[in-house]
Amino acid sequence: KAANAVASALNAVGMPSRVSLLGGLEVKPSHETLRCDTGYQMNPETQTCCLQEFFNDPLNIDPAVYTWQDNGCKFDCLPTLIGAKCLTCTQHKQNTFKPENAIWDDSSPNCTWKCRTGYVKSALGYECRSIKDLARVCSQKTRCATCVS
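Residues numbered from 1 in each chain as written. Predicted model: local features only at pLDDT ≥ 70, side-chain atom pairs only at ≥ 80, totals over all residues. Heavy atoms only, no water.

Side note on the overall build of the protein
Secondary structure summary: the protein contains 3 helices and 8 strands in total. Going residue by residue from the N terminus, the α and β elements of the protein occur as α-β-β-β-β-α-β-β-β-β-α. When each of the 149 residues of the protein is scored for burial, the buried share is 26%. Taking the contacts inside the protein whose residues are at least 6 apart along the sequence as the reference set, 14% of them involve residues at least 24 apart. Summed over all atoms, the accessible surface of the protein reaches about 10,600 Å², with 52% contributed by carbon and sulfur. (Helix = DSSP H or I, 4+ residues; strand = E, 2+ residues; numbered from the N terminus. Buried < 20%, exposed > 50% of the residue type's maximum accessible area, 1.4 Å probe, protein only. Contact = heavy atoms within 4.5 Å. Areas by Shrake-Rupley, 256 points an atom, 1.4 Å probe, with all protein chains shown as cover.)

If you want it as C-alpha cells, here you go:
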C-alpha cells in the first residue's frame, strides 16, 4: 500500500515510476535519477516536474533574490524587487530619466525617484531643489510662499 502511494504521488507530478519496498526505500530525486514525463520539465532547484507551459525558469537570476512558490514551478521576486529579472528599482530604471539630484527609491512600491539628502521636490514635483538655496532665497522674502516656485 505504501509503495503504491509513493508511486501515485510521483506519477501525479509527471515522474512515471514503479516503487518497491524491499528492506527499505531511498528516493533521491534529481534530474539525473528521475526523468519527467513528456510535456513536463524538471526544475533542478526544487526537484519538481513542472508542466512545460507553466515552468518559470529564472535563468541568470541570482537565487538570493527570489523564492519558489509552493508548486515548485514558478518563482516570486523578493519584496521591493521588480520585473521578470527581480531587479532593484535602481537597476530596473537604470536608463530612465530622473531629475538632477534625484535617486531611484529602491524601497518605493511604485519604483519612483526621490531627492537626494539636502534636496526637496519642487512645488510642481519635477525637480529637486537645494534646501540651502531655498533657505537663502526664502530668508530674503517676506512671504515664504513666493520662494518655492
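Some words on the pattern of salt bridges
Taken as a whole, this structure holds 2 salt bridges when the rule is applied. A salt bridge links Asp 105 to Lys 114, with the nearest nitrogen and oxygen atoms 3.8 Å apart. On the basis of relative accessibility, which here comes to 37%, the residue Lys 114 falls in the partly exposed class. A salt bridge links Asp 133 to Arg 136, with the shortest nitrogen-to-oxygen separation between them at 3.8 Å. You can see Asp 133 and its partner Arg 136 sitting in helix 3 (residues 131-139), 3 residues apart, about one turn around the helix. Given a relative accessible area of 40%, Asp 133 falls into the partly exposed group. (Salt bridge = Lys/Arg side-chain N within 4 Å of Asp/Glu carboxyl O.)

Digging into unusual backbone geometry
Here the phi dihedral of Thr 80 falls at roughly 75°; this positive angle occurs in a residue that is not glycine. Of note, Thr 80 is situated in the loop between strand 4 (75-77) and helix 2 (89-92). Non-glycine residue Cys 111 carries a positive phi angle of around 55°. Summarising the element assignment, Cys 111 is placed in the loop between strand 5 (102-104) and strand 6 (113-115).

Details of the nonpolar core
With 10 residues, the main nonpolar core is built from Cys 50, Phe 55, Ile 61, Val 65, Tyr 66, Trp 68, Cys 73, Phe 75, Leu 81 and Cys 86. If near-sequence neighbours (up to four positions away) are discounted, Phe 75 is found in contact with Asn 56, Asp 57, Pro 58, Ile 61, Tyr 66, Thr 67, Trp 68, Gln 69, Ala 84 and Cys 86. Core analysis: the second largest hydrophobic core is formed by 7 residues, Cys 89, Trp 104, Cys 111 and Trp 113 among them. (Core = buried A, V, L, I, M, F, W, Y, C linked by side-chain atoms within 4.5 Å.)

A word on the state of the cysteines
As used here, a disulfide is simply a covalent bond connecting the sulfur atoms of two cysteines. Inspection of every chain in the model, using the stated rule, returns 5 disulfides. Put simply, Cys 36 and Cys 49 are joined by a disulfide, and their sulfur atoms are 2.1 Å apart. Disulfide Cys 36 to Cys 49: torsion about the S-S bond roughly -90°, handedness left-handed. Within this pair, whereas Cys 36 is found in the loop between helix 1 (2-12) and strand 1 (40-43), its partner Cys 49 is found in strand 2 (residues 48-51), the two being separated by 13 residues in sequence. Overall, Cys 49 belongs to the buried group, its relative accessible area being 5%. Linked covalently through their sulfurs, Cys 50 and Cys 73 form a disulfide whose S-S length is 2.0 Å. In this structure the cystine formed by Cys 50 and Cys 73 twists about its S-S bond by roughly -90°; its chirality is therefore left-handed. Taken as a pair, Cys 50 in strand 2 and Cys 73 in the loop between strand 3 (66-68) and strand 4 lie far apart in primary sequence, 23 residues in all. For the pair formed by Cys 50 and Cys 73, the shared burial category is buried. (Disulfide = S-S within 2.5 Å.)

That's the geometry; what it means functionally is another story.
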